[in-house]
Amino acid sequence: MLTRRLYWEDTYSREFDAKVESMEGTRVVLDQTAFNPRGGGLVSDTGTLGGRKVLEVVKEGEQIIHVLEAPPEFGPGAVVHGVLDWDRRFRIMRMHTSAHILSAVVNRETGALITGNQISPDQSRVDFSLDDFDKGKISSYVDKVNEAVARRLEVKTYFMKREEALSNPGFVKLAKAMPPADDMLRIVEIGDVDTQADGGVHVRNTLEIGKVVGIKTENKGKNNRRLYFTVE
Ligand SMILES: [Zn+2]
């Protein structure tokens, strides 16, 4: 059975009830969850489940597994209450939407492709394949990101047939990286700035991001120019 992804239906749901489908030691599978699992460069949500600390949430195949700190007292069939560490999750959402805007700006300005990203609550990172890695230019890209953020762009998510998504050159690159089993792709559209196939959690409006601040750059070779940033 596929776990219902409450984090897709309502990214702002921070508490929920769910039935325990199966479990093994500290690993729990639910019928539905608001915990976004680790993946796509995003760290997982944390919080509590039935009063037990959730250390991490991981995806194995199509299964979403909640890894608890200690074996719980509840068992399969029990209804448990989940609570997200919302401060952490909301920062992940702000960071993630910022990373999409940053990638779109750098791509538009330089044609650079994104080679990796790591979204964490405190500090995030986007890697680019870029010939000219000029620090002055990098800070001008961050300024452009903030200009977009200040435009209060609405962030929409919807599902689209895989073939239809693949026919749009704008998000072919990322769509191809999605598991072939999905015949529907989730699309995330940030105003007129960026549209791509994406499974992660985002804010509803760029207004919620606040301000994006560049922290440092790191040069790991032509295909890995790294930009670290945070949100304030
Ligand atoms: Zn993303």
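Please read all numbers here as calculations on a predicted model, not as lab measurements.

Chemist: Help me understand the coordination of the zinc ion, please; the structure alone is not making it clear to me.
Modeler: Four donors placed tetrahedrally around a metal ideally meet at 109.5 degrees, and six donors placed octahedrally ideally meet at 90 or 180 degrees. Of the protein atoms, only H96 (NE2), H100 (NE2) and D198 (OD) coordinate the zinc ion, at distances of 2.1 Å. We note that the donor set of the zinc ion lies within a single chain, spaced as H-x3-H-x97-D. Residue H96 and its partner H100 are located together in helix α2 (residues 86-110), separated by 4 residues, close to a single helical turn.

Chemist: I tried to follow the sheet that holds strand β8 (residues 79-84) on my own but got confused; where do I start?
Modeler: Adjacent strands of a sheet pair through backbone hydrogen bonds, lying either parallel or antiparallel. Ordered by their spatial adjacency, 6 strands build a closed barrel running β2-β3-β7-β6-β5-β8, and the pairing between neighbours is antiparallel. Across the sheet, the axes of successive neighbouring strands diverge by a mean angle of 45 degrees, strand direction being ignored. As paired strands, strand β5 (residues 47-49) and β8 are joined by 3 bridges and run antiparallel to one another. Across the sheet, residue G47 finds its bridge partner in β8, namely L84.

Chemist: Any chance you could explain the packing of aromatic side chains here in plain terms?
Modeler: Aromatic ring pairs are described here by two measures, namely the spacing of the ring centres and the angle between the planes. Per the stated rule, a full pass over the model turns up 5 aromatic pairs. Seen from their ring centres, W86 and F90 are 6.0 Å apart, and the 15 degrees between their planes marks the pair as stacked. Highlighted residues: W86 and F90, both in helix α2, separated by 4 residues, approximately one helical turn. For F90, a relative accessible area of 22% puts it in the partly exposed group. By way of ring pairs, the aromatic residues Y7, W8 and F159 are connected into one cluster.

Quick notes on the rules
- Residues numbered from 1 in each chain as written.
- Predicted model: local features only at pLDDT ≥ 70, side-chain atom pairs only at ≥ 80, totals over all residues.
- Heavy atoms only, no water.
- Donors = N, O, S within 2.8 Å, 3.2 Å for Na, K, Ca; no water.
- Helix = DSSP H or I, 4+ residues; strand = E, 2+ residues; numbered from the N terminus.
- Pairing = 2+ DSSP bridges.
- Axes fitted to C-alpha atoms, helices over the stretch in contact; angles between N-to-C directions.
- Phe/Tyr/Trp six-rings, centres within 6.5 Å; stacked < 30°, edge-to-face > 60°.
- Buried < 20%, exposed > 50% of the residue type's maximum accessible area, 1.4 Å probe, protein only.

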